[in-house]
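# Summary of structural features
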Amino acid sequence: MSVNHIYSKLFSNFGVVFSYVVSGVQTDFDCVFEPLRYKNKIYLSGIPTELGYNSMRKYLIMAPPEIPFDELDGVQNYLKFENHKYRVDHSEKVYLKGKPLYYWAIVHREDSV
């Protein structure tokens, strides 16, 4: 499907290389990774930016549909980037015409691995 090719190019050209660790086995993948910026007054403990307040702990990830976000519990199975461990707060798979297109997830950074 040509749409899958477009998304794989998007992830590899504009994304970063993340890893997921499942049962001790690390696998790399390309994804789009960016901090979440909140515009409401609930998150005033963050850093003020032009777009809102940035807590520097919550991030948005968009990744290929093959990544097992449903299996990532944050303890033994987790995401890893630049020696930091990330826990998935929420994830959803996006479909196009009944076929999985990509995942989006809200993650937060934990301690170093």
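The structure under discussion appears in the preceding block.
Just so we're clear, the structure is a prediction, and the values are computed from it rather than from any experiment.

## Notes on the packing of aromatic side chains
How two aromatic rings sit relative to each other is given by the distance of their centres and the angle of their planes. Applying the stated rule across the entire model yields 10 aromatic pairs. Between tyrosine 20 and phenylalanine 29, the aromatic rings sit 5.8 Å apart at their centres with planes inclined by 45°, giving tilted as the arrangement. For tyrosine 20, a relative accessible area of 15% gives the class buried. On the basis of relative accessible area, phenylalanine 29 is assigned to the buried category, the value being 6%. For the ring pair phenylalanine 69 and tyrosine 103, a centre distance of 4.9 Å and an interplane angle of 55° mean the geometry is tilted.

## Observations concerning the side chain of lysine 80
Within the element layout of this structure, lysine 80 appears in strand β5 (residues 78–81). Of the side chains with opposite charge, aspartate 28 comes closest to the buried, unpaired lysine 80, at an N-O distance of 7.4 Å. A distance of 3.0 Å separates polar atoms of two side chains, one belonging to lysine 80 and the other to glutamine 26.

## Here's the deal with the pairing of strand β7 (residues 99–112)
Direction of pairing for strand β6 (residues 84–96) relative to β7: antiparallel, over a ladder of 11 bridges. By the bridge assignment, serine 91 is partnered in β7 with alanine 105. Between β6 and β7, which pair antiparallel one after the other, the connecting turn spans two residues, and lysine 97 there sits at a positive phi close to 55°.

Procedures and definitions
Residues numbered from 1 in each chain as written. Predicted model: local features only at pLDDT ≥ 70, side-chain atom pairs only at ≥ 80, totals over all residues. Heavy atoms only, no water. Phe/Tyr/Trp six-rings, centres within 6.5 Å; stacked < 30°, edge-to-face > 60°. Buried < 20%, exposed > 50% of the residue type's maximum accessible area, 1.4 Å probe, protein only. Helix = DSSP H or I, 4+ residues; strand = E, 2+ residues; numbered from the N terminus. Lys, Arg positive; Asp, Glu negative; His and termini not counted. Salt bridge = Lys/Arg side-chain N within 4 Å of Asp/Glu carboxyl O. Polar contact = N/O pair within 3.5 Å; in protein donor to acceptor, adjacent residues only side chain to side chain. Pairing = 2+ DSSP bridges.

Keep in mind these values describe shape, not function.
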